[in-house]
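Chain residues, written in single-letter form:
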Amino acid sequence: MRSRLNDNTGPERMDYRYMAVWKLTDKAFSDRLEAGAKEAGFLDYFEQVNFSGRLITPDVMNADMIQLDA
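What you are looking at is a predicted structure, and each value in this text was computed from that prediction instead of being measured.

Participant: I tried to follow a nonpolar patch on the surface on my own but got confused; where do I start?
Facilitator: Nonpolar side chains collect at one region of the surface, where Ile56, Val60, Met61, Met65 and Leu68 lie side by side and expose about 470 Å² of accessible area between them. By relative accessible area, which is 41% here, Ile56 ends up partly exposed.

In structure tokens, the structure reads:
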């Protein structure tokens, strides 16, 4: 896990002070971790925003972005 303070001051800034990036073994583990945080009551005390995905190459990303307008 990597933790960071949000130091972005730009107009599209998200108003979250802290961020953490986790590299997990697979999507199933990610889902279990999310469910465990909810079950343990973690989300009762902290606002949490999740996003996930697999690592892709720039070529794959560019091809996907082109399809967004299709």
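Participant: Can you help me understand the environment of Leu5 in this one?
Facilitator: Relative to the helices and strands, Leu5 resides in strand 1 (residues 2–5). Counting along the chain gives twelve residues from Leu5 to Arg17, while the straight-line C-alpha distance between them is 5.7 Å. If we ignore the near neighbours within four places in the chain, the residues touching Leu5 are Arg17, Tyr18 and Met19.

What counts, and where the lines are drawn
Here the residue numbering is sequential within each chain, running from 1 through the sequence in written order. With the structure being a predicted model, the display of local features is reserved for residues of pLDDT at least 70 and the display and counting of side-chain atom pairs for 80 or more, all residues being used for whole-chain, interface and lining totals. Calculated side-chain values reflect all of the structure's heavy atoms, with hydrogen atoms and water omitted. Note on patches: the residues involved have over 30% relative accessible area and no salt bridge, like charges join within 9 Å, and the nonpolar side chains Val, Leu, Ile, Met, Phe, Trp and Tyr join within 5 Å. Only the protein chains shown count as cover for residues, and the accessible areas themselves come from Shrake-Rupley with a 1.4 Å probe. By salt bridge we mean one thing: a side-chain nitrogen of Lys or Arg within 4 Å of a carboxyl oxygen of Asp or Glu. Relative accessibility thresholds used throughout: buried, under 20% of the residue-type maximum; exposed, over 50%; partly exposed, between the two (1.4 Å probe, protein chains only). The numbering of helices and of strands both runs from the N terminus, where a helix is a DSSP run of H or I of at least 4 residues and a strand a run of E of at least 2. Contacts were defined at the residue level, with two residues in contact if any of their heavy atoms lie within 4.5 Å.

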